[in-house]
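# Overview (structure and organization)
If you want the building blocks of each chain, they are given just below.
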Amino acid sequence: MGELSKTRSVLLITFLVLVWGLCWPIYKIALNYTPPILFSGMRTLLGGLLLLLITFPRYKQIHFKENWHIYLISTIFNVILFFGLQTVGLQYLPSGLFSVIVYFQPVLVGFLAWVWLGEKMSGLKISGLVLGFLGVVVISFKSFSAQLSIVGVVLALITAISWAIGTVFLKKAGTKVDALWLVTIQCVIGGLVMTGVGIEQESFAAIQWSVPYLSGLVYGAIFGIPLAWLTYFTLVRSGEASKVATYTFLVPLIALVVGTIFLHEPVTIYLIIGLILIVLSIYCVNHTPKVQHVQSVSKNM
């Protein structure tokens, strides 16, 4: 995967899907004790401030005058729209159903990367993206029995679209900025905006400072946002955006496995079938045909 070694890529991908997989149940529980926008803004802002302590000694690498538009666009799509709409949307739909719609994102990334970045789009790759999405649908099949909220569906779709645009934009413009500063700035600015909107539209007094709420806040401020996004940014910048995005199909699977282990939810046939489809998806998207591989090797010799 580009500049990263295979072992390091596997470790980073494993870390990312585990962290994001745990986000869904942790945030869903925390939202019982806090208004959604305030929760999204505060955990993002805290994560950004923690990163700022690390990045501040590297202030010469910020180059804000030249790169302000990159920081701004990334903040809008990857933080304000993605985190904000995701948190609000979880109020309207079951987390499993919401994740199904949001994880249409890798398919959108594959299309946008083909159109915008010129990444190759073979029949096998298209099949892999479709299989991955079908795997997420099968895994969350039970959620479809719940009453649909049009507002929730629309919020989930916009979340998926904004995340896809943000991901492809990171791949296209990300090499022009320092990775740490990009994640830091988008978290600080995005966190300030969402916290401000939350204070204006919601009630700060409505926050119940309980263990579940604080657990969600701390988890998001350390793992769910700064470390996860820095990992995701590193992977996207070093490899094909569509290939990296495909691994996020594993996130809803992790969320359900966590529910099975810790919440004693049953292992269903849907979970097994979904797992098989997702594994096939990752193989198809990342598989390099033998002829193409030989040509690639001969070019580098």
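These numbers were taken from a predicted model, which means no experiment stands behind them. (Residues numbered from 1 in each chain as written. Predicted model: local features only at pLDDT ≥ 70, side-chain atom pairs only at ≥ 80, totals over all residues. Heavy atoms only, no water.)

### Section: the nonpolar core
Core analysis: the largest hydrophobic core is formed by 76 residues, its most contacted members being Trp 20, Trp 24, Val 102, Trp 163, Trp 229, Tyr 232 and Ile 278. No other element matches helix H9 (residues 211–238), which puts 11 residues into this core. (Core = buried A, V, L, I, M, F, W, Y, C linked by side-chain atoms within 4.5 Å. Buried < 20%, exposed > 50% of the residue type's maximum accessible area, 1.4 Å probe, protein only. Helix = DSSP H or I, 4+ residues; strand = E, 2+ residues; numbered from the N terminus.)

### Some thoughts on the packing of aromatic side chains
Two aromatic rings are characterised by how far apart their centres lie and by the angle between their planes. A full pass over the atoms with the stated rule returns 17 aromatic pairs. Each ring, one from Phe 83 and one from Trp 229, has its centre 6.0 Å from the other, and the planes form 90°; the classification is edge-to-face. Taken together, the positions of Phe 83 in helix H3 (residues 64–89) and Trp 229 in helix H9 put the pair 146 residues apart, joining distant regions of the chain. Across the pair, exposure class does not vary: Phe 83 and Trp 229 are buried alike. Judged by centre distance (5.4 Å) and plane angle (85°), the ring pair of Trp 229 and Tyr 232 falls under edge-to-face. Taken as a pair, Trp 229 and Tyr 232 lie in helix H9 at a separation of three residues, close to a single helical turn. Of the two residues, Trp 229 and Tyr 232, neither departs from the other in class, the shared state being buried. (Phe/Tyr/Trp six-rings, centres within 6.5 Å; stacked < 30°, edge-to-face > 60°.)

### Digging into helix H1 (residues 6–30)
Relative to the 36 Å expected for 25 residues at 1.5 Å per residue, H1 spans 36 Å between its end C-alpha atoms, a close match to the ideal helical length. The largest bend in H1 amounts to roughly 30° and is located at Cys 23, with the proline Pro 25 lying one to four residues further along. Along H1, the residues classified as buried are Ser 9, Leu 12, Ile 13, Leu 16, Val 17, Val 19, Trp 20, Gly 21, Cys 23, Trp 24, Tyr 27 and Ala 30. (Expected span 1.5 Å × (residues − 1). Bend = angle between axes of the 7 residues up to and from the residue.)

In short, the description is geometric, and any link to function would need to be established separately.
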